[in-house]
Amino acid sequence: LARVAPRPRHLGGFAALLERVEEERARARALFKHTQIVEQMYQLLHHFEVRAPAADLVQVDELRAAQARYAEELEACQRFRDDRLPEMTRQLERAAADARD
């Protein structure tokens, strides 16, 4: 998420941010798919009453916490994008109008 952390104020930086946010969203979907596999494995272990080692359970908790933080940070980036999009669109329209004149 470090790639989408900077909050640009100018149009060029904002356009690059849009691309990075979309790339990060695709990456997030892939990562969450992998974490779902881990969750399903632990659900099966629980269903068949197999006890996982305590160290593994700690790692699963850490994975869940990291996933939650990642989702929150990505959501914050998306909110920033959504909040700034109208202003950036106006800047682009002004720049296009100035170029036509």
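Residues numbered from 1 in each chain as written. Predicted model: local features only at pLDDT ≥ 70, side-chain atom pairs only at ≥ 80, totals over all residues. Heavy atoms only, no water.

Enquirer: An account of helix α1 (residues 11-47) is requested, with residue identities and associated values reported.
Expert: An ideal rise of 1.5 Å per residue puts 54 Å on 37 residues; α1 measures up with 53 Å between its terminal C-alpha atoms. Those residues of α1 not exposed but buried are F14, L17, V21, E24, A28, T35 and Y42. Residues of α1 that are buried sit in contact with α2 (54-100). E49, located one to two residues past α1, shows a positive phi value of around 55°. (Helix = DSSP H or I, 4+ residues; strand = E, 2+ residues; numbered from the N terminus. Expected span 1.5 Å × (residues − 1). Buried < 20%, exposed > 50% of the residue type's maximum accessible area, 1.4 Å probe, protein only. Contact = heavy atoms within 4.5 Å.)

Enquirer: Which residues make up unusual backbone geometry, and what values do they have?
Expert: Phi angles above zero are rare outside glycine, and E49 is one such case at about 55°. Tracing the sequence through the fold places E49 in the loop between α1 and α2. Looking at E49, the relative accessible area reads 71%, which means it is exposed.

Enquirer: Help me get a handle on the pattern of salt bridges, residues and values and all.
Expert: Tallied over the entire structure, the rule returns eight salt bridges. As a salt-bridge pair, E22 and R25 come within 3.3 Å of each other at their nearest N and O atoms. Of this pair, E22 and R25 are both found in helix α1, three residues apart, which corresponds to roughly one turn of the helix. We classify E22 as partly exposed; its relative accessible area is 39%. Between E22 and R81 there is a salt bridge, with the nearest N and O atoms lying 3.1 Å from each other. Of this pair, E22 sits in helix α1 while R81 sits in helix α2, placing them 59 residues apart in sequence. Taking the relative accessible area as the measure of exposure, R81 reaches 14% and is therefore buried. Overlapping salt bridges bring together E22, R25, R81 and D82 as one network. (Salt bridge = Lys/Arg side-chain N within 4 Å of Asp/Glu carboxyl O.)

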